[in-house]
Amino acid sequence: GVAQIDNGVYIANSMKEHTFVDCEYADTQVITQAEFYVHVSDCSYRVYSGERDAGQTFAYTYIGVTKDGYEMYGVSPDDRLEFKDNELTLFFNFNNESGCYDNSIVYDNLKYHTSIPDLLGSSEKGEEREN
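Rules used in this analysis
Sequence order as written defines residue numbering, which begins from 1 separately in each chain. This being a predicted model, a pLDDT of at least 70 is required before a residue's local features are given, and a value of 80 or more before pairs of side-chain atoms are given or counted; all residues contribute to the totals for chains, interfaces and linings. Note that water and hydrogens are dropped before the side-chain values are worked out from all heavy atoms of the structure. Two rings belonging to Phe, Tyr or Trp (six-membered ring only in the last case) form a pair when the distance between their centres is within 6.5 Å. Interplanar angles under 30 degrees mark stacking, angles over 60 mark edge-to-face geometry, and anything in between is tilted. Secondary structure elements follow DSSP: runs of H or I no shorter than four residues count as helices, runs of E no shorter than two count as strands, and numbering proceeds from the N terminus. The buried label applies to any residue whose accessible area, calculated with a 1.4 Å probe on protein chains only, is under 20% of its type's maximum; exposed applies above 50%, and partly exposed to all values in between. Two conditions define a charge located above a ring, namely a distance within 6 Å from the ring centre to NZ of Lys or CZ of Arg, and an angle within 35 degrees of the ring normal. One requirement defines pairing of two strands: DSSP has to find at least two bridges between them. Counting rule for charge: Lys and Arg are taken as positive, Asp and Glu as negative, and neither His nor the chain ends is counted. A pair is scored as a salt bridge if a Lys or Arg side-chain nitrogen falls within 4 Å of a carboxyl oxygen belonging to Asp or Glu. Cysteine sulfur atoms are paired as a disulfide whenever they come within 2.5 Å of each other.

Draft legend 1. Layout of the packing of aromatic side chains. Using the criterion set out here, one finds twelve aromatic pairs in the structure. Look at Y37 and Y48: their rings are 5.1 Å apart centre to centre, the planes differ by 15 degrees, and that puts the pair in the stacked class. Here Y37 is found in strand β4 (residues 36-40), whereas its partner Y48 is found in strand β5 (residues 44-48), with eleven residues between them in sequence. Since its relative accessible area comes to 11%, Y37 is described here as buried. Owing to a relative accessible area of 2%, Y48 belongs among the buried residues under this scheme. Ring pairs connect the aromatic residues F36, Y45, F58, Y60, Y62, Y73 and Y107, which therefore count as one cluster. If you follow R46 out to its NZ or CZ, it ends over the ring of Y48, 3.8 Å from the centre. Here the basic side chain of R80 rests over the ring of F91, its NZ or CZ set 4.7 Å away from the ring centre.

As structure tokens, then:
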């Protein structure tokens, strides 16, 4: 596949939104410190809170490695995604005047969980196998 992030489902335990003013950190809001999932495929990723949650899906295309060693992806429309050291960062709201993004969301502490999502949940899978 085209993705440099290994395909699969990751568990993360921290999501924060950063606000930038003139390309400098101005504020950080914790969105959640509860466990959530990030499902990565060849050309998109999906963030969701539980096995049955559809969540939000973002399409991307791989661009290359930045000078800082981050794997960089273009995310529609005009956003940027970076991955390094088990941290996935979505930059959005590009500011043409400053030449920087005004916001980012950081999905932190990603740990590989499984190769595919479990849409039924583990208990229901067991019930399905018995029938």
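So much for the structure itself; the text now carries on.
Draft legend 2. Examining the pairing of β4 more closely. In terms of burial, β4 is a largely internal element, four of the five residues being buried. In this sheet, β4 lies alongside strand β1 (residues 8-12) in antiparallel orientation, the contact comprising five bridges. What sits directly across from Y10, in β4, is V38. The turn linking β4 back onto β5 is made up of three residues.

Draft legend 3. Region of interest: the side chain of D108. By the element assignment, D108 lies in strand β10 (residues 100-108). Buried and unpaired, D108 has no salt bridge, with K16 as the nearest side chain of opposite charge at 4.6 Å.

Draft legend 4. Structural view of the state of the cysteines. Applying the stated criterion across every chain, the model contains one disulfide. Linked covalently through their sulfurs, C23 and C100 form a disulfide whose S-S length is 1.9 Å. Looking down the S-S bond of the C23 and C100 bridge, the torsion is 95 degrees, so its handedness is right-handed. Residue C23 is located in the loop between β2 (14-21) and β3 (24-32), and its partner C100 is located in strand β10; the two are separated by 77 residues in the primary sequence. Judged by relative accessible area, which is 32%, C23 ranks as partly exposed. You can call C100 partly exposed: its relative accessible area is 22%.

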